[in-house]
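# Observations on chain architecture
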Amino acid sequence: MLAGRKYRAYMEDGQKEYADTIGSVCRSVWNTALEQRRAYRRRGAYINYREQAHELAEAKQEFPWLRDVPGHCLQQALMDLDKACRTHGTWKVRWRGKGGRHSWAPAFRFPEGKTIRVERIGRKWGRARLPKIGWVKFRWSRSLGGAVRSATLKRDGRHWWISFLVETGEPEKTVSLERGRVGIDRGVVQAVATSEGRFFDRAFLTEGERRRLLRLERQRARRMLGSKRREACKAQIAAIRRRERDRRRDFCAQTAAAVVSGNALVVLEALNTRNMTSSAKGTTKEPRRNVAQKRGLNRAILAKGWHALELAVRNKARSTGTAVITVNPAYTSLTCPKPGCGHVHTDNRESQAKFLCTTCGHREHADIVGAKNTLARGHSGHRAWRPRGCPVDEAPTSGNP
Ligand SMILES: [Zn+2]
């Protein structure tokens, strides 16, 4: 099974400088290649990876600065671009900017696992030898547990990270020995509710951090574009944002582990967060309505990391053999979960948290009702539902509100 391992890298100053250089060369290769692809598309033609790699080799003869960086990293950048263009289309792939809106943090991959040597040099330290960069020291915060397939260096703010793709040698499980089944409801107030009645939630910023962030953002607005003071302010904001991101990732991983363990099946509502959050301008009809509500909901959805949670669940499920399916979420929180009732009506929902069936009087937390109905749909072999490209407002399967 392939797995990722990420460590904090501690490079020497010269190495850091060189790594930044590799990053910017990769960036300019990406941008040049993307511009070339777009130019071809404008004429109704295509250019593929193979041709671009060939042109890169020719460009190396002409521009010596291209020869100063590891060639594999540049090829990898072209390969990543090729994949991005095939997945998202040439016009949707973004430029990699130095700063500003499309600012891109330097990251590059060494795809040849055979050329990378990893050693442990102490209880807390390891080092990896990368082509042209040399030995890179890193904090041995967890075991490697497999043969290295590739290595990636990435800068996040001031710090560099090295991550390895490793082949653990364990087979990827396809069937779980467990018997449990669980439905998951992702919400805005409580991040996660399960059909077993458990809740998972966490604040990713403390009250103090939130206040500080607000103050810094106001400060940034006052400071002059391109000034040193503005850059310093931006770095402070980025540090808080990074902490928030790390905590969210941690929360998703821990919740995923808790949800997946002991279960053979996890059922999630299919959420098209991109569609849900794209209408930040409110309803599409003029005059636009619900702008503020929509914007608030969008922020909440993105802040809770719904998509990240699904990825974490799917990732964890690879090691336990748990099946993960998504079902149509329409009306899951408005349907009575009591066997034999199944009444669907908007009046069933007393408030955000309270569910009270208007027919049978069944009372429960609305998020748990959502999770139970989600699980039931997974049971009944409800058509597995993939989010991308599917309309969110599909007709309900039973009854109309
Ligand atoms: Zn009922």
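Scroll up for the structure.
Rules used throughout
- Residues numbered from 1 in each chain as written.
- Predicted model: local features only at pLDDT ≥ 70, side-chain atom pairs only at ≥ 80, totals over all residues.
- Heavy atoms only, no water.
- Donors = N, O, S within 2.8 Å, 3.2 Å for Na, K, Ca; no water.
- Tetrahedral: all angles 85-135°; square planar, octahedral: opposite > 155°, others 65-115°.
- Buried < 20%, exposed > 50% of the residue type's maximum accessible area, 1.4 Å probe, protein only.
- Helix = DSSP H or I, 4+ residues; strand = E, 2+ residues; numbered from the N terminus.
- Contact = heavy atoms within 4.5 Å.
- Pairing = 2+ DSSP bridges.
- Axes fitted to C-alpha atoms, helices over the stretch in contact; angles between N-to-C directions.
- Expected span 1.5 Å × (residues − 1).
- Salt bridge = Lys/Arg side-chain N within 4 Å of Asp/Glu carboxyl O.
- Polar contact = N/O pair within 3.5 Å; in protein donor to acceptor, adjacent residues only side chain to side chain.
- Parallel < 35°, antiparallel > 145°, perpendicular 65-115°, else oblique.
- Left-handed = near helix turned anticlockwise from the far one by under 90°.

## Describing the coordination of the zinc ion
Donor atoms from the polypeptide that bind the zinc ion are Cys 336 (SG), Cys 341 (SG), Cys 357 (SG) and Cys 360 (SG), placed at 2.2 to 2.3 Å. Between the four donor atoms coordinating the zinc ion, the angles at the centre fall across 107 to 113°, so the site counts as tetrahedral. Written as a sequence motif, the donor arrangement for the zinc ion is C-x4-C-x15-C-x2-C. The class of Cys 360 is partly exposed, set by a relative accessible area of 33%.

## Quick word on unusual backbone geometry
Backbone geometry places Lys 132, a non-glycine residue, at a positive phi of 70°. If you trace the backbone, Lys 132 turns up in the loop between strand E4 (125–130) and strand E5 (134–139). Its relative accessible area of 53% is what places Lys 132 among the exposed residues. Even without a glycine there, the phi angle at Tyr 331 is positive, about 65°. With respect to the helices, strands and loops of the structure, Tyr 331 is situated in the loop between strand E12 (323–327) and strand E13 (354–356). In this structure Tyr 331 comes out as partly exposed when scored by relative accessible area, which is 27%.

## Considering the environment of Gln 76
Its place among the elements puts Gln 76 in helix H4 (residues 71–88). For Gln 76, a relative accessible area of 7% translates into the label buried. Separated by 34 residues in the primary sequence, Gln 76 and Phe 110 place their C-alpha atoms 7.7 Å from one another. Sequence-distant contacts of Gln 76, that is, excluding residues within four places in its chain, are made with Arg 109 and Pro 111.

## Looking at the sheet that holds strand E9 (residues 192–194)
The pairing of strands in a sheet happens through backbone hydrogen bonds and is either parallel or antiparallel. Taken together, five strands build an open sheet; the order of strands is E10-E9-E8-E11-E12 and the sheet is mixed. Of all the strands in the sheet, the pair left with one neighbour each is strand E10 (199–200) and E12. On top of the sheet, helix H9 (residues 306–320) reaches strand E8 (180–186), E9, strand E11 (263–269) and E12; it is set at about 150° to E12, its chief contact.

## Observations concerning helix H6 (residues 228–260)
Between its terminal C-alpha atoms H6 stretches 47 Å, which fits the 48 Å expected from 33 residues at 1.5 Å a residue. Looking at the residues trailing H6, positive phi occurs at Gly 262, about 85°.

## Remarks on the pattern of salt bridges
For the structure shown, the criterion picks out 25 salt bridges. Here Arg 37 ties to Asp 82 by a salt bridge, and the two come within 2.8 Å at their closest N and O atoms. Separated by 45 residues along the polypeptide, Arg 37 in helix H1 (residues 13–42) and Asp 82 in helix H4 bring together distant segments of the chain. Looking at Arg 37, the relative accessible area reads 7%, which means it is buried.

## Section: the sheet that holds strand E2 (residues 107–110)
Read across the sheet, seven strands follow the order E2-E6-E7-E1-E5-E4-E3 without closing on themselves; strand pairing throughout is antiparallel. Since the sheet does not close on itself, it has two edges, and those belong to E2 and strand E3 (117–120), each with one partner. Sheet twist, expressed as the mean angle between neighbouring strand axes with direction ignored, is 30°. Sheet analysis places E3 next to E4, joined by four bridges and oriented antiparallel. Paired with Arg 117 across the bridge in E4 is Arg 129. Sheet strands in contact with H1 are E2, E5, strand E6 (147–156) and strand E7 (159–167), and its direction is about 95° off that of E2.

## Considerations on the side chain of Gln 52
Considering the arrangement of structural elements, one finds Gln 52 in helix H2 (residues 49–62). There is a polar contact of 3.1 Å between the side chain of Gln 52 and the backbone oxygen of Ala 33. The contact partners of Gln 52, leaving out residues within four places of it in the chain, are Ala 33, Gln 36, Arg 37, Ile 47, Leu 78 and Leu 81.

## A word on the pairing of strand E1 (residues 2–10)
Looking along a regular strand, one sees the side chains alternate between the two faces of the sheet. For E1 and E7, the ladder comprises eight bridges, and the chain directions are antiparallel. Residue Ala 9 lies in a different strand from E7, and its bridge partner there is Trp 160. Strand direction decides the pairing type here: E1 and E5, joined by two bridges, are antiparallel. Counted as the bridge partner of Tyr 10 is Lys 137 from E5.

## Re the packing of H1 against H4
Each pair of packed helices can be summarised by the angle the axes make with each other and by the distance between the axes. In contact at an axis separation of 9 Å, H1 and H4 are set at 40° when each is read in the N-to-C sense. Put simply, H1 runs oblique to H4. Read as a crossing pair, H1 and H4 show a hand that is right-handed. Here H1 contributes Ile 22, Val 25, Cys 26, Val 29, Trp 30, Ala 33, Leu 34 and Arg 37 to the contact with H4, which in turn contributes Cys 73, Leu 74, Ala 77, Leu 78, Asp 80, Leu 81, Asp 82, Ala 84 and Cys 85.

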